Protein chains: 2
Amino acid sequence: MHSDGENLYFNHEFLDRLSERRTDSTWLAAKQRAPDTVFLLFYSLNPLVTSEPLKEDGRGDCSYQLSRLRRPSVEPLLGHPNTTLIFLGVEKPRTCAPNTAMDDGEDDGLTAWFALSTEEDPTELVKFPDPQCAFLQAPMPGLLKLSDNEAGVVAQARAVLAWHSRYSFCPTCGSGTRVDDGGHKRTCLREGCRSLRGIHNTCYPRVDPVAIMLVIHPEGNQCLLGRKKVFPAGMFSCLAGFIEPGETVEEGVRREVWEESGVRVGPVRYVTSQPWPMPSSLMIGCHAVALTTAINVDENEIEEARWFTRQQVIDATVKAKHAVFSLPPRQAIAHYLIKHWIGMQANL
Amino acid sequence: MHSDGENLYFNHEFLDRLSERRTDSTWLAAKQRAPDTVFLLFYSLNPLVTSEPLKEDGRGDCSYQLSRLRRPSVEPLLGHPNTTLIFLGVEKPRTCAPNTAMDDGEDDGLTAWFALSTEEDPTELVKFPDPQCAFLQAPMPGLLKLSDNEAGVVAQARAVLAWHSRYSFCPTCGSGTRVDDGGHKRTCLREGCRSLRGIHNTCYPRVDPVAIMLVIHPEGNQCLLGRKKVFPAGMFSCLAGFIEPGETVEEGVRREVWEESGVRVGPVRYVTSQPWPMPSSLMIGCHAVALTTAINVDENEIEEARWFTRQQVIDATVKAKHAVFSLPPRQAIAHYLIKHWIGMQANL
Ligand SMILES: Nc1ncnc2c1ncn2[C@@H]1O[C@H](COP(=O)(O)O)[C@@H](O)[C@H]1O
Ligand SMILES: Nc1ncnc2c1ncn2[C@@H]1O[C@H](COP(=O)(O)O)[C@@H](O)[C@H]1O
Ligand SMILES: [Mg+2]
Ligand SMILES: [Mg+2]
Ligand SMILES: [Mg+2]
Ligand SMILES: [Mg+2]
Ligand SMILES: [Mg+2]
Ligand SMILES: [Mg+2]
Ligand SMILES: [Zn+2]
Ligand SMILES: [Zn+2]
């Protein structure tokens, strides 16, 4: 049913967003009081987690677990004026049986999840469930060490919270705004503001589409990878860039490759997509066939770009001792685009 | 080299955006003075156009042409404080010869295009080149009646201008902003604002990814189309919706179809994309296979949704007298997704 790409990290939809409930403040308030409701806590966009001991072989795939707080632990923070609360959704029922309609007031049996966020140290206000738990110190690399289900929840929560943290003023008039729709909307507080007439994207979270591409040599046996100065030594990855207004995905791919590497690209083929909540990108992953091969890097963005042979890529994939470069981590769509290519025919 | 979808309306890249020049204020200023530089004028986001007489058979494909103004016509508006100016790019050279490097000051022979925008009636300030020219009264349907090349330019210009018109205040602190980078960036004017530390999307134009999908019946011989109340009588089109933070394209497709029609979707296949500058969407077009067939429309958004047989779709495509519905206009990606399906095998 799903293509491989849909198993990517950040791509799991563990929750049903139930967006029709966002405007139902009675239901939302009841869920906030329900004993099984889960609250995730973020401080400066970093989630509260517990470290999991590594597996015996020292490898273990997920080394952090989100702290799932209950109402009593977060009570003091909930009422605090600088707290942002967003409704994330409900746990999907394990069976596929449709939810039966409920009488008003009757519990619908759905377990709701919320994210709570603050920019002020909440340690005094919150009762931590476990002395081991702590806020991630930085998004990277911690955010890449969650279970698949929790990564999907964090993809949603962090992207929406990052929007709240940067968009608390109305961009149309500069006034303050209030949070609506279970944390999925902000409304200008100034009566008469243009943003209140009609529907405008100023009121909704931002999602930035990014084109990310593996460029394949015209002869089919090499691919183009680049590195930024900030990458770990030896690592090369796909080129990528923000899709601009008025552009297609395919033209965005061609323009970014040209800008960053001086290589001209012809055919572009979509492969898969991935949300990337740093802060709120939608990665649109493509394979693209080069028309030219001379490299001329944009030194503002890229330190080096090179053609790598299929064998060199395979060596990097298996982390061979003689590998000439290393791949981006398996959680990144770039890793998937590269692996997908070596499993493919030489031509698109 | 290009797939069909790349010939879609709004998808033509007539200009080379030359983004590396956006920070070169000397070059931009010289281009603004150059006699062959083209200025497009927008008043409340509607472009100045000339009407073209329809062809003799009364059909004619493009009925509006952008007015290409020169420096002397727009001089008074250029200096005006409420004017927004954006650099769109340069005309692509007709041959593929690389641009030879130029001595400083020497003319590089490139014809630059700018868009000028104002929210105040500019009729008094601008010398109109032609008594016939006028501002479009509304974006629709006029914006769909340009030539392919001009549609591509308008896709870029209108999306960026719409962002300026709604985002003139810093969303992080509410202060005013100034326009930078040839109109592709806004910078907060308040010293110490958080938006000035690091790189943040608050400073860059917004592009909203939208999933738009043709849902195909599990048996392969019918497709699901819906209509909004505002559609012309009899018209049905693809379902569509904004991709949310933390979501893949594929999950966005499944969620929106479920929300709007109550139909569950399994496999999703990307087909093509299109910018839609009303105000700044990126339409991501997919085919999707339904797992269920019962329809339950979200009445807030959709008036009616129905399964149509392949023959009914063919009848609509050829505008047969007995057609039971009409298609969206050929300029819309929905039209393309529908036509693409009837040209396809019954299975994805
Ligand atoms: N939405 C955005 N968020 C952050 N940076 C952006 C955005 N749009 C354009 N940029 C610019 O794009 C640069 C990164 O280049 P690229 O990712 O290759 O497009 C940043 O340094 C910014 O100057
Ligand atoms: N970026 C956005 N721009 C406009 N409306 C949005 C945006 N994001 C979410 N919405 C909401 O989505 C509704 C349209 O539904 P849909 O296009 O099906 O997602 C609008 O009425 C808004 O309530
Ligand atoms: Mg880049
Ligand atoms: Mg770039
Ligand atoms: Mg870029
Ligand atoms: Mg919709
Ligand atoms: Mg929606
Ligand atoms: Mg919808
Ligand atoms: Zn406002
Ligand atoms: Zn600011």
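S.K.: How would you summarise the site of ligand 2 if you had to cite specific residues and measurements?
M.R.: Around ligand 2, a shell composed of A:I199, A:N201, A:Y204, B:R206, B:D208, B:A240, B:G241, B:F242, B:E256, B:E260 and B:E301 is seen. One of the side-chain nitrogen or oxygen atoms of B:R206 is found 3.4 Å away from a nitrogen atom of ligand 2. Separating an oxygen atom of ligand 2 from a side-chain N or O atom of B:E260 is a distance of 2.7 Å. When the free accessible area of ligand 2 is taken as 480 Å², the share hidden by the protein chains comes to 72%. Contributing elements (two or more residues each) for the shell around ligand 2: β12 (239-242) and α4 (249-261) of chain B. Examining the composition of the shell around ligand 2, we find that 3 residues originate from one element, β12(B), more than from any other. Each residue belonging to the shell around ligand 2 can be placed in one class, and the counts come to 4 nonpolar, 2 polar and 5 charged.

S.K.: Tell me about the coordination of the zinc ion (ligand 10), and please be specific about residues and values.
M.R.: Residues and elements named next belong to chain B. Coordination of the zinc ion (ligand 10) by the protein involves C170 (SG), C173 (SG), C188 (SG) and C193 (SG), with metal-donor separations of 2.2 to 2.4 Å. The coordination sphere of the zinc ion (ligand 10) comprises 4 donor atoms, whose angles at the metal cover 100 to 113 degrees; the geometry is tetrahedral. Written as a sequence motif, the donor arrangement for the zinc ion (ligand 10) is C-x2-C-x14-C-x4-C. Of this pair, C173 sits in the loop between α3 (148-166) and β8 (177-180) while C188 sits in strand β9 (residues 185-188); the two residues are 15 residues apart in sequence, bridging distant segments of the chain. The burial state of C173 is the same as that of C188; both residues are buried.

S.K.: Give a detailed account of the site of ligand 1, specifying residues and quantitative values.
M.R.: Neighbouring residues of ligand 1: A:R206, A:D208, A:A240, A:G241, A:F242, A:E256, A:E260, A:E301, B:I199, B:N201 and B:Y204. One of the side-chain N or O atoms of B:Y204 is found 2.8 Å from an oxygen atom in ligand 1. For the shell around ligand 1, the secondary structure elements donating two or more residues are β12 (239-242) and α4 (249-261) of chain A. The element contributing the most residues to the shell around ligand 1 is β12(A), with 3 residues. Considered class by class, the residues forming the shell around ligand 1 number 4 nonpolar, 2 polar and 5 charged.

S.K.: Break down the pairing of β8(B) for me, citing the residues and quoting the values.
M.R.: For β8(B) and β9(B), the ladder comprises 4 bridges, and the chain directions are antiparallel. Across the sheet, the residue bridging to B:R178 is B:T187, located in β9(B).

S.K.: With reference to specific residues and values, describe empty space enclosed by the protein.
M.R.: Residues and elements named next belong to chain A. Throughout the structure, instances matching the rule amount to 6 cavities of 30 Å³ or more. Volume-wise, the largest cavity comes out at about 60 Å³. Taken together, W163, Y167, F169, C170, P171, T177, R186, T187, C188, S195, T202 and C203 make up the lining of the largest cavity. The element that contributes the greatest number of residues to the lining of the largest cavity is strand β9 (residues 185-188), accounting for 3 residues. By residue class, the composition of the lining of the largest cavity is 7 nonpolar, 4 polar and 1 charged.

S.K.: Help me get a handle on the packing of helix α5 (residues 310-317) of chain A against helix α6 (residues 333-342) of chain A, residues and values and all.
M.R.: For any two helices packed against each other, one specifies the crossing angle of their axes together with the interaxial distance. All names here are of chain A. As a packed pair, α5 and α6 sit with axes 10 Å apart at the nearest point and diverge in direction by 125 degrees. For the element pair α5 / α6, the angle class is oblique. Of the two elements, α5 crosses α6, and the hand of that crossing is left-handed. Touching R310, V313, I314 and T317 of α5 are I338, K339, W341 and I342, all from α6. Taken together, the residues that form the contact of α5 with α6 break down as 5 nonpolar, 1 polar and 2 charged.

S.K.: How would you summarise the relation of the copies chain A and chain B if you had to cite specific residues and measurements?
M.R.: The transform that puts chain A on chain B rotates by 180 degrees and translates by 0.0 Å along the axis, for an RMSD of 0.0 Å. On the angle and the small slide along the axis, the relation comes out as a two-fold axis. Relative to the rotation axis, the closest C-alpha in chain A is found at A:G174, a distance of 2.1 Å. Comparing interface residues between copies, 100% of those in chain A also lie at the interface in chain B; the contact surface is shared.

S.K.: Which residues make up the side chain of B:S261, and what are the values?
M.R.: Residue and element names in this part refer to chain B. Among the structural elements, S261 can be located in helix α4. Residue class for S261 comes out buried when judged on its relative accessible area of 0%. Looking at S261, its side chain comes within polar contact range of the main-chain oxygen of V257, at 2.7 Å. Ignoring anything within four residues of it in the chain, the contact list for S261 reads L224, L239, A294, I295, N296 and V297.

S.K.: So what about the side chain of B:H287? Which residues, and what values?
M.R.: All names here are of chain B. Inspection of the secondary structure assignment puts H287 in strand β14 (residues 281-290). Among the residues examined, H287 registers a relative accessible area of 0% and is labelled buried. Polar side-chain contacts of H287 include one of 2.9 Å to the backbone oxygen of L337.

S.K.: Summarise the environment of B:A290; cite the residues concerned and give the values.
M.R.: Residue and element names in this part refer to chain B. Mapping A290 onto the fold places it in strand β14. On the basis of relative accessibility, which here comes to 3%, the residue A290 falls in the buried class. Taking the C-alpha atoms as reference, A290 lies 32 Å from R206; in sequence the two are 84 residues apart. The contact partners of A290, leaving out residues within four places of it in the chain, are V215, I216, H217, P218, V263, R264, V265 and W307.

S.K.: Please give an account of the pairing of strand β13 (residues 265-276) of chain B that cites residues and values.
M.R.: Residues and elements named next belong to chain B. Counting buried positions over the 12 residues of β13 gives 10, a clear majority of the element. Sheet topology places β13 next to β14; 9 bridges connect them, and they run antiparallel. Looking at β14, one finds that V268 is bridged to A288. Two successive antiparallel strands, β13 and β14, enclose a turn made up of 4 residues.

S.K.: Tell me what's going on with the pattern of salt bridges, and back it up with residues and numbers.
M.R.: Enumeration over the complete set of coordinates arrives at 36 salt bridges over all chains. The shortest N-O distance in the salt bridge between A:E75 and A:R71 comes to 2.9 Å. Separated by 4 residues within a single helix, A:E75 and A:R71 lie in helix α2 (residues 71-78), roughly one turn from each other. When salt bridges that share partners are traced, they join A:E13, A:R17, A:R22, B:E244, B:E247, B:R255, B:E256 and B:E259 into one network.

Rules used throughout
Note that residues are indexed from 1 along each chain, following the sequence as it is written. The naming scheme follows written order: chains are lettered A onward, ligands numbered 1 onward. Where local features are concerned, this predicted model is filtered to residues with pLDDT of at least 70; where side-chain atom pairs are given and counted, the filter is 80 or more; whole-chain, interface and lining totals use all residues. The basis for every side-chain value is the complete set of heavy atoms in the structure, and neither hydrogens nor water enter the calculation. Whether a residue is near a molecule or strand depends on its heavy atoms: if one lies within 4 Å, it is near. Between N or O atoms, a polar contact is any pair within 3.5 Å; within protein, one atom must be a potential hydrogen donor and the other a potential acceptor, and residues adjacent in sequence are included only when both atoms are from side chains. In short, Shrake-Rupley with a 1.4 Å probe defines the accessible areas, and a residue's cover is counted only from the protein chains shown. Helix and strand labels come from DSSP, where a helix needs a run of H or I of at least four residues and a strand needs a run of E of at least two; each type is numbered from the N terminus. When residues are grouped by polarity, Ala, Val, Leu, Ile, Met, Phe, Trp, Tyr, Cys and Pro land in nonpolar, Asp, Glu, Lys and Arg in charged, and all others, Gly among them, in polar. Each metal's donors comprise the N, O and S atoms found within 2.8 Å of it (within 3.2 Å for Na, K or Ca). Water is not part of the atom list, so some coordination spheres may appear incomplete. For a four-donor site, all angles between 85 and 135 degrees give tetrahedral; for four or six donors, opposite pairs above 155 degrees with the remaining angles between 65 and 115 give square planar or octahedral; all remaining cases count as irregular. Exposed residues in this analysis have more than 50% of their type's maximum accessible area, buried residues have under 20%, and partly exposed residues fall in between, with area computed by a 1.4 Å probe over protein chains only. Pairing between two strands is assigned when DSSP locates at least 2 bridges connecting them. Cavity: a set of points on a 1 Å grid over the protein atoms alone where a 1.4 Å probe fits but cannot get out. Pocket: an open set with protein on both sides within 12 Å along at least five of seven lines, its lining residues, like those of a cavity, having an atom within 4 Å of a point. Grid points are joined across faces, edges and corners, and a volume is the space filled by probe spheres set on the points. Each axis is a line fitted through C-alpha atoms, and for a helix only the stretch in contact is used; angles between axes span 0 to 180 degrees, taken between their N-to-C directions. Roughly parallel covers angles under 35 degrees, roughly antiparallel covers those over 145, roughly perpendicular covers 65 to 115, and oblique covers all other angles. Each helix crossing is assigned a hand: it is left-handed if the near helix lies turned anticlockwise from the far helix by less than a right angle, otherwise right-handed if that turn is clockwise. Residue contacts are defined here by distance: any two heavy atoms, one from each residue, within 4.5 Å place the two residues in contact. A residue counts toward the fit only if its pLDDT is at least 70 in both copies, and the copies are then superposed by least squares on the C-alpha atoms of those residues. Salt bridges, as used here, are contacts in which a Lys or Arg side-chain nitrogen is within 4 Å of a carboxyl oxygen on Asp or Glu.

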